[in-house]
Amino acid sequence: SQVSFEEESQNPPAVGHWKSLMPSKGDKEEPESGCQDAGGVHEPQSTEQLNVSRLRSSSVEIREKGSEFLRDELHKAQKELKLKDKECERLSKVREQLEQELEELTASLFEEAHKMVREANTKQAAAEKQLREARGKIDMLQAEVTALKTLVITSTPSSPNRELHPQLQSPSKAGFRKGHGRNKSTSSAMVSPASHNVAPEPVSRECREVDSILFAEFQAWKESPTLDKSCSFLDRIYREDIGPCLDFTKQELSELVRVAVEQNTLTIEPVASQTVPVGKVAAEECGGPKKCALSGLPRTCKHRIMLGDSGNYYYISPSCRARITAVCNFFTYIRYIQQGLVRQDVELMYWEVMRLRREISLAKLGFYPSEM
């Protein structure tokens with residue numbers, strides 16, 4: 001088809017001659033003259049028509065083959081486009097998957113970092129709590145050592161001081177001592193020589209009777225000892241003893257003192273034994289040696305208190321010190337019970353608690369030892 005197309009393009013005279021055979025509007029007599037010479041012109045005219053038909057068929061064939069070629073090329077291009085679309089879709093899915101994995105990895109890393117921070121904070125809080133508990137135990141042991149020193153100093157073999165820690169005495173020894181005292185009080189003739197240095201016990205003795213309600217509340221608390229004031233045992237003591245005893249004129253400071261006593265963070269120290277170092281700023285001291293910070297009354301203050309680690313000192317009078325000390329002694333004893341350090345009968349523990357409550361009531365009424 002390409003050869004015929006080239007032949008057609010190389011023979012322009014034949015095409016021009018074919019165009020000259022077509023009749024025109026201005027030349028109407030030419031066919032008639034042509035008809036006269038029909039015998040000589042018929043054969044070339046048929047040849048030209050044959051060439052024209054060949055040219056037409058060849059052009060149609062070329063056009064069909066060209067369109068077929070273009071269709072094939074179009075199909076190929078469409079297939080390539082579909083393949084490229086599929087490849088683009090696959091790459092976009094891979095990209096989305098990578099982005100999702102990256103987001104999950106980033107979220108997991110942040111979560112792990114937050115978890116490590118929380119664990120570190122928890123461990124730090126636990127360590128600080130253990131440190132505070134250790135300091136509290138150290139303070140408690142120091143107080144016990146001081147009490148033992150006082151017991152040793154004020155006790156001699158001839159005159160033992162058994163009134164400082166009556167809860168440490170066994171029931172058998174306590175009963176034997178009481179029976180021996182009754183024999184001494186009723187029979188003055190039967191006195192041994194070694195008993196001349198022992199102070200005689202008073203003839204009049206107090207009678208004790210267990211209150212069933214108080215004893216039941218104490219027994220219920222003893223089954224599961226706690227320092228939560230919501231239980232009936234401590235709730236009663238708070239209402240009847242601790243609350244009134246720690247109710248001073250300065251209400252705001254009284255509340256701080258009560259909280260410090262409950263948390264075992266209150267410190268009482270003599271004024272004379274504390275000196276302010278040179279070059280350091282002294283802590284804030286409320287009241288003064290001649291004025292009580294809790295009552296606001298002019299009193300000679302021999303002690304001062306510090307609440308926790310605040311560094312603020314408050315001067316207190318002997319009466320206020322006796323009230324705070326009585327409440328602290330009560331809390332110390334029930335903490336001993338809670339920790340399992342007191343190994344006594346429940347009734348003896350109950351009477352020791354009642355004795356400590358009586359000390360709180362007496363301190364609230366203004367009775368305190370002269371050495372304070």
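Just so we're clear, the structure is a prediction, and the values are computed from it rather than from any experiment. (Residues numbered from 1 in each chain as written. Predicted model: local features only at pLDDT ≥ 70, side-chain atom pairs only at ≥ 80, totals over all residues. Heavy atoms only, no water.)

**Description of the nonpolar core**
If you look at the biggest cluster of nonpolar residues, it comprises 47 residues, and the most contacted ones within it are V257, L294, I324 and F330. Where this core is concerned, the elements lending two or more residues are α6 (212-223), α7 (232-245), α8 (251-262), β3 (303-307), β4 (313-316), α9 (318-338) and α10 (346-365). With 10 residues, α9 is the largest single contributor of residues to this core. Ignoring anything within four residues of it in the chain, the contact list for L294 reads F248, T249, K250, L253, S254, V257, Y315, I316, C320 and I324. (Core = buried A, V, L, I, M, F, W, Y, C linked by side-chain atoms within 4.5 Å. Buried < 20%, exposed > 50% of the residue type's maximum accessible area, 1.4 Å probe, protein only. Helix = DSSP H or I, 4+ residues; strand = E, 2+ residues; numbered from the N terminus. Contact = heavy atoms within 4.5 Å.)

**Topic: the packing of aromatic side chains**
Tallying each qualifying case throughout the model produces eight aromatic pairs. Ring geometry for F330 and F331: centres 5.8 Å apart, planes at 75°, overall edge-to-face. Here F330 matches F331 in class, with each residue buried. The structure contains a cluster of three or more aromatic residues connected by ring pairs, namely F215, F218, W221, F233, Y350 and W351. Over the ring of W351 we find R208; its NZ or CZ atom is 4.6 Å from the centre of that ring. Above the plane of the ring of Y313 lies R304, whose end atom (NZ or CZ) is 3.9 Å from the centre. (Phe/Tyr/Trp six-rings, centres within 6.5 Å; stacked < 30°, edge-to-face > 60°. Lys NZ or Arg CZ within 6 Å of the ring centre and 35° of its normal.)

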